[in-house]
Amino acid sequence: MHNQLKMKFSSEQEYPDLSQHNNHMAKVLTPDLYESLRDKETPSGFTLDDLIQTGVDNPGTETPQDPPRPPQDP
């Protein structure tokens, strides 16, 4: 149900700001990948947003080998 409500917004509006994140999810989740998967839902209602929530909530820490990501265009 909550996925249907979110679909009222564009994927650009819903894509999380990961510019300050340094975790694996932030490295692999592109706006195109988010757009292609955001409308998928398991039979029990689990969505991509449910899957990525912990990565959004926990930005990770920077290490010398991981330079900060540049800000993304809005």
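Thresholds applied
Residues numbered from 1 in each chain as written. Predicted model: local features only at pLDDT ≥ 70, side-chain atom pairs only at ≥ 80, totals over all residues. Heavy atoms only, no water. Salt bridge = Lys/Arg side-chain N within 4 Å of Asp/Glu carboxyl O. Buried < 20%, exposed > 50% of the residue type's maximum accessible area, 1.4 Å probe, protein only. Helix = DSSP H or I, 4+ residues; strand = E, 2+ residues; numbered from the N terminus. Contact = heavy atoms within 4.5 Å. Polar contact = N/O pair within 3.5 Å; in protein donor to acceptor, adjacent residues only side chain to side chain. Phe/Tyr/Trp six-rings, centres within 6.5 Å; stacked < 30°, edge-to-face > 60°. Core = buried A, V, L, I, M, F, W, Y, C linked by side-chain atoms within 4.5 Å. pLDDT = per-residue confidence, 0-100.

(A) Molecular detail of the pattern of salt bridges. This model, assessed by the stated rule, comprises 1 salt bridge. Its salt-bridge partner being Lys 40, residue Asp 39 comes within 3.6 Å of it at the nearest N-O pair. For Asp 39, a relative accessible area of 41% translates into the label partly exposed.

(B) Seen up close, the environment of Asn 58. Looking at the element boundaries, Asn 58 is found in the segment after α5 (48-57). C-alpha separation for the pair Asn 58 and Asn 22, spaced 36 residues apart in sequence, amounts to 9.0 Å. Not counting chain neighbours up to four residues away, the residues in contact with Asn 58 comprise His 21 and Asn 23. Within polar-contact distance, the side chain of Asn 58 engages the backbone oxygen of Thr 54 at 2.9 Å.

(C) How the structure looks around the packing of aromatic side chains. Within this structure, the stated rule accounts for 1 aromatic pair. Their ring planes at 75° and their centres at 5.6 Å tell us that Tyr 15 and Tyr 34 sit as a pair that is edge-to-face. Taken together, the residues span a long stretch of sequence, with Tyr 15 in the loop between α2 (11-14) and α3 (24-28) and Tyr 34 in helix α4 (residues 31-37) at a distance of 19 residues. Of the two residues examined, Tyr 15 and Tyr 34, each falls in the buried class.

(D) Seen up close, the side chain of Asp 49. Of note, Asp 49 is situated in helix α5. You can call Asp 49 buried: its relative accessible area is 15%.

(E) Expanded view of the environment of Thr 61. Turning to its location among the elements, Thr 61 is positioned in the segment after α5. For the pair Thr 61 and Asn 23, spaced 38 residues apart in the sequence, the C-alpha separation amounts to 7.6 Å.

(F) Structural detail: the nonpolar core. Residues Tyr 15, Leu 18, Met 25, Ala 26, Leu 29, Tyr 34, Leu 48 and Ile 52 constitute the largest nonpolar core, which totals 8 residues. Among the elements of the structure, α3 and α5 are those that each provide at least two residues to this core. Among all residues touching Met 25, those that are not within four sequence positions of it are Leu 18, Ile 52, Gly 55 and Val 56.

(G) Local environment of the confidence of the model for the protein. The pLDDT averaged across the protein works out to 82; a share of 78% of its residues lies at or above 70. Within the protein, α4 carries the highest mean pLDDT (93), whereas helix α1 (residues 2-6) carries the lowest (65).

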